[in-house]
Structure formats: C-alpha cells, structure tokens
Amino acid sequence: MTKNEYVRLANTEPLVQLHGNISGKDFVVREYTYGVLVPDYNHPLSCVSVANSSLSIDLWVGCKWQCAYCQVQGSKQDLANQGTMPLNPQRRNQATIEEIVDALVDHPFFLPNETVISIGTASTEPLAPGAVTDSTFALMDYFVKKGLKNPF
Ligand code: SF4
C-alpha cells in the first residue's frame, strides 16, 4: 500500500447507526476504534489506532473489569454483537502479532525506535489475566526480537 493510501485510510471514519437497548434512542457511532489506521477488518492494522501521542495496538474487544466509567464503548466494534462491552475479551481481528507489528513498521506514521507504542489503550485492560496479558508481553517481545527500541 502506498503512503498516500495509508494516509487516506487513516482519515476515513466509517459511521454506523445503532439503536440503544436501554434508552430506545438511535445513535450514530464509529464502526472502528477512534483514529484506526486502516478501517478494514481484513487488514492487520485494523487493530491499531492513533491514541494521543502514541500508536495503540488493541488486539481485544471486551474487558472483564466492566468499569462503569469506561470510555472505550464508543465504537460499534467495541460493543460487539450484544450491544454491550463483552465480558470475555475477543480478538479484534484474526491477524497474528507478527503480522500486526510487521505491518505497523511499514506504516508511514511509524518511526523506528521513536514512536510511542501503547497496548490496549483503546480497548481493554492489557494486564487482564490469561490470554490478554500473554498477548501484551508477546507484542513487546516481538518488538524486541525485531531489534526495535520503541518505548511502550
Ligand atoms: S478497558 Fe479499562 S476502563 Fe474499560 S472496563 Fe476495562 S479496565 Fe475498566
């Protein structure tokens, strides 16, 4: 994909209409996480977004903590099919950690050894026990394995 195409996709914001289960009102929400790099479920970077001054890798949809003040339920993707944030985290796309990081390194927004990488900022608690924590460390390990020193 060319640099211009990546920049165009990062500025695309698909919106969808939702009917509120409790309020009965209709809402327009983002389909993907705010600031997603590539709004296409088939692309590894559909789980990476611009989060303040960092790029956030969000492998998961859902969170066991279910905090009442949680801000990540603002996209259709994060509400999953139940209309609520899933209790058991589910993978956001089917790309492997290697495919996601390799694609991110090729993205024009990414600077080797400089870009701040967030993990789970826009989705879940990255140190939730089990598969989520395992994936958080696997992500960091793969950056190190590639010889990258980006701060997390
Ligand atoms: S993502 Fe964070 S704020 Fe939201 S429910 Fe999980 S722990 Fe709470």
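Structure: see above.
Summary of the structure given here. Just so you know, these numbers come straight off a predicted model, no measurement behind them.

1. Considerations on the site of the ligand
Item 1. In the vicinity of the ligand, the contacting residues are Cys63, Trp65, Gln66, Cys67, Tyr69, Cys70, Ser123, Thr124 and Glu125.
Item 2. Here the shell around the ligand is built from residues that sort into 5 nonpolar, 3 polar and 1 charged.

2. Describing the environment of Leu37
Item 1. Following the sequence through the fold, Leu37 ends up in the loop between β2 (26-30) and β3 (48-51).
Item 2. On the accessibility criterion, Leu37 (0% relative accessible area) is buried.
Item 3. For the pair Leu37 and Asp78, spaced 41 residues apart in the sequence, the C-alpha separation amounts to 16 Å.
Item 4. Beyond its immediate stretch of four places on either side in the chain, Leu37 contacts Tyr6, Leu9, Ala10, Leu45, Val48, Ser49, Val50, Leu55, Leu104, His107 and Phe109.

3. With respect to the nonpolar core
Item 1. With 26 residues, the main nonpolar core has Leu45, Val48, Ile57, Leu59, Leu104 and Phe143 as its most contacted residues.
Item 2. If you list the elements that add at least two residues to this core, you get α1 (3-10), β4 (54-57), α3 (97-106), β7 (116-119) and α4 (131-145).
Item 3. Among the elements that make up this core, the one with the highest residue count is α3 (5 residues).
Item 4. Discounting residues that sit within four places of it in the chain, Leu45 has contacts with Tyr6, Val36, Leu37, Val38, Ile100, Ala103, Leu104 and His107.

4. Some words on the environment of Val132
Item 1. Position of Val132 among the secondary structure elements: in helix α4.
Item 2. In the structure, Val132 is positioned 12 residues away from Gly120 in sequence and 9.3 Å away in space, judged by C-alpha atoms.

5. Some thoughts on the pairing of strand β1 (residues 15-19)
Item 1. Both β1 and β2 contribute to a ladder of 5 bridges, which runs antiparallel. Within β2, the residue paired with Val16 across the bridge is Val29.
Item 2. The loop that links β1 with its antiparallel partner β2 comprises 6 residues; one of these, Gly24, has a positive phi angle of about 75 degrees.

Reading the values: the criteria
Residues numbered from 1 in each chain as written. Predicted model: local features only at pLDDT ≥ 70, side-chain atom pairs only at ≥ 80, totals over all residues. Heavy atoms only, no water. Near = heavy atom within 4 Å. Nonpolar A, V, L, I, M, F, W, Y, C, P; charged D, E, K, R; others polar. Helix = DSSP H or I, 4+ residues; strand = E, 2+ residues; numbered from the N terminus. Buried < 20%, exposed > 50% of the residue type's maximum accessible area, 1.4 Å probe, protein only. Contact = heavy atoms within 4.5 Å. Core = buried A, V, L, I, M, F, W, Y, C linked by side-chain atoms within 4.5 Å. Pairing = 2+ DSSP bridges.

Keep in mind these numbers describe shape, not what the thing actually does.
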